[in-house]
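# A look at the structure
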Amino acid sequence: MPDPTAVRSMFARISGRYDLLNRTLSLGIDQRWRRRVVERAGAVRGRIVVDACCGTGDLALAFARKGAKVLGVDFTPEMLRRAGPKRRPGRGGLLFAQGDALRLPVSDDAADVCSVAFGIRNVADRRQGLLEMKRVVRAGGSVLVLEFSEPVSPPFRAMYRLYFTKLLPRLGRLVSGDGEAYEYLPRTVLAWPDPDTFQGEMEDVGLVSCGYERLTQGIVCLHWGSVPAGSPS
Ligand SMILES: C[S@@+](CC[C@H](N)C(=O)[O-])C[C@H]1O[C@@H](n2cnc3c(N)ncnc32)[C@H](O)[C@@H]1O
């Protein structure tokens, strides 16, 4: 189970290079994955979106660009410091706040959508994280989770494992100067449940109409679920 103090200090250390590393290590496709999350949310203009574990704000920004009113929440101030400058005049609906995904600073049923990208894997209590996302979303609203996964096709999976466990930690160490952070990434991704199991976890917290879509050969998986009417917050 991830230790929140260690997680926060790791993200604080790599915050300065986080965006650059995302772009280089994913060969630039990470932003496409985030745009897919926004597409899956449907029409978001004027809608309220809470982006948990927002980090440097890229998913929050992608929602704001489509006209949503977004609150990004993260518990690492150094990551939020990189998110702040992404707010621009005319993008008034984008705010960032320091807070814990396990106790979001948002009242019950306040949001239309609650998203998390590459964040829930780092949260100490995943079930509580999902319950909290559900709590802040009104009935009929959506919970969206983007997370790394493992490719389905065996040859691609073998290549991916090689890249992820051997090459990526070296590249990560080179660019960020932090070897530990880029060993933590493959370790937690390989321990992450398969999409069907994670969908079961979403259903267990009471989300309905759950489904998922594998992106880029299954490197990443986008999960969704809806909050049912009459659901206790
Ligand atoms: C891999 S980054 C993802 C950032 C961003 N969502 C993205 O798409 O790039 C994970 C983020 O989760 C944050 N985080 C981890 N556990 C958290 C928690 N319990 N509450 C709030 N933020 C948390 C970390 O501070 C970090 O910024």
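See the structure above.
Treat the numbers as computed from the prediction; the structure is a model and nothing was measured. (Residues numbered from 1 in each chain as written. Predicted model: local features only at pLDDT ≥ 70, side-chain atom pairs only at ≥ 80, totals over all residues.)

## Considering the site of the ligand
- Residues in contact with the ligand amount to 21 residues; listed here are only the nearest, Cys 53, Gly 55, Thr 76, Ala 101 and Ala 117.
- Those elements giving two or more residues to the shell around the ligand turn out to be α1 (4-14) and α4 (58-65).
- The biggest single contributor to the shell around the ligand is α1, with 4 residues.
- Residue classes in the shell around the ligand are distributed as 13 nonpolar, 4 polar and 4 charged. (Near = placed C-beta within 6 Å. Helix = DSSP H or I, 4+ residues; strand = E, 2+ residues; numbered from the N terminus. Nonpolar A, V, L, I, M, F, W, Y, C, P; charged D, E, K, R; others polar.)

## Description of the packing of helix α7 (residues 154-176) against helix α8 (residues 181-190)
- The contact between α7 and α8 brings their axes to 7 Å, and the two run at 150°. The angle between α7 and α8 falls in the class roughly antiparallel. For the element pair α7 and α8, the recorded crossing hand is right-handed. Facing α7, whose interface residues are Phe 164, Thr 165, Leu 168, Pro 169, Gly 172, Arg 173 and Ser 176, α8 presents Ala 181, Tyr 182, Glu 183, Leu 185, Pro 186 and Val 189.
- The residue inventory of the contact of α7 with α8, partitioned by class, reads 8 nonpolar, 3 polar and 2 charged. (Axes fitted to C-alpha atoms, helices over the stretch in contact; angles between N-to-C directions. Parallel < 35°, antiparallel > 145°, perpendicular 65-115°, else oblique. Left-handed = near helix turned anticlockwise from the far one by under 90°. Contact = placed C-beta atoms within 7 Å.)

## Considerations on the sheet that holds strand β1 (residues 48-52)
- Strand order in the open sheet made by the 7 strands is β3-β2-β1-β4-β5-β7-β6, with mixed pairing throughout. Here the strands that pair on one side only, and so sit at the sheet edges, are β3 (94-98) and β6 (208-215). Geometrically, the sheet is characterised by an average inter-axis angle of 15° between neighbouring strands, direction not taken into account.
- In this sheet, β3 lies alongside strand β2 (residues 69-74) in parallel orientation, the contact comprising 5 bridges. When the bridges of β3 are listed, Val 70 appears paired with Leu 94. (Pairing = 2+ DSSP bridges.)

## What about the nonpolar core?
- Among the nonpolar cores identified, the biggest contains 66 residues, and Val 50, Ala 52 and Phe 63 are the most heavily contacted of them.
- Of the residues forming this core, the biggest block, 6 residues, is contributed by α4.
- With sequence-adjacent residues up to four places away left out, Ala 52 is seen in contact with Val 73, Ala 101, Leu 104, Cys 114, Val 116, Gly 119 and Met 133. (Core = buried A, V, L, I, M, F, W, Y, C linked by C-beta atoms within 7 Å. Buried ≥ 20, exposed ≤ 12 C-beta atoms within 10 Å, placed from the backbone.)

## Some remarks on the pairing of strand β4 (residues 111-117)
- Burial analysis of β4 places 7 of its 7 residues in the buried class, which makes it a mostly covered element.
- Strand direction decides the pairing type here: β1 and β4, joined by 4 bridges, are parallel. When the bridges of β4 are listed, Val 50 appears paired with Cys 114.

## A few points about the environment of Asp 30
- By the secondary structure assignment, Asp 30 is in helix α3 (residues 30-41).
- On the basis of neighbour count, Asp 30 is assigned to the buried category, with 22 C-beta atoms found within 10 Å.
- Along the chain, Asp 30 and Val 106 lie 76 residues apart, while their C-alpha atoms are 27 Å from each other.
- In this view, Asp 30 contacts Asn 22 and Arg 23; residues no more than four positions away in its chain are not counted.

## Overview of the environment of Gly 28
- Within the secondary structure layout, Gly 28 lies in the loop between α2 (18-25) and α3.
- When the C-alpha atoms of Gly 28 and Val 136 are compared, they prove to be 32 Å apart, with 108 residues separating the residues in sequence.

## Quick word on the environment of Gly 93
- Within the secondary structure, Gly 93 sits in the loop between α5 (77-83) and β3.
- Overall, the presence of 19 C-beta atoms within 10 Å leaves Gly 93 in the partly exposed class.
- In the structure, Gly 93 is positioned 62 residues away from Gln 31 in sequence and 20 Å away in space, judged by C-alpha atoms.
- With near-sequence residues (within four places) excluded, Gly 93 lies in contact with Ala 64, Ala 68, Lys 69 and Val 70.

## Concerning unusual backbone geometry
- In this structure, Phe 118 takes a positive phi of about 55° despite not being glycine.
- Mapped onto the fold, Phe 118 is located in the loop between β4 and α6 (126-136).
- Positive phi is not limited to glycine here, since Ser 209 has a value of about 50°.
- Looking at the secondary structure, you find Ser 209 in strand β6.

## Things to note about the packing of α2 against α7
- Direction vectors running N to C along α2 and α7 enclose 145°, while the axes themselves pass 10 Å from each other. With respect to the hand of their crossing, α2 and α7 are arranged in right-handed fashion. Facing Leu 20, Leu 21, Thr 24 and Leu 25 of α2, the residues of α7 in contact are Leu 168, Leu 171, Gly 172, Val 175 and Ser 176.

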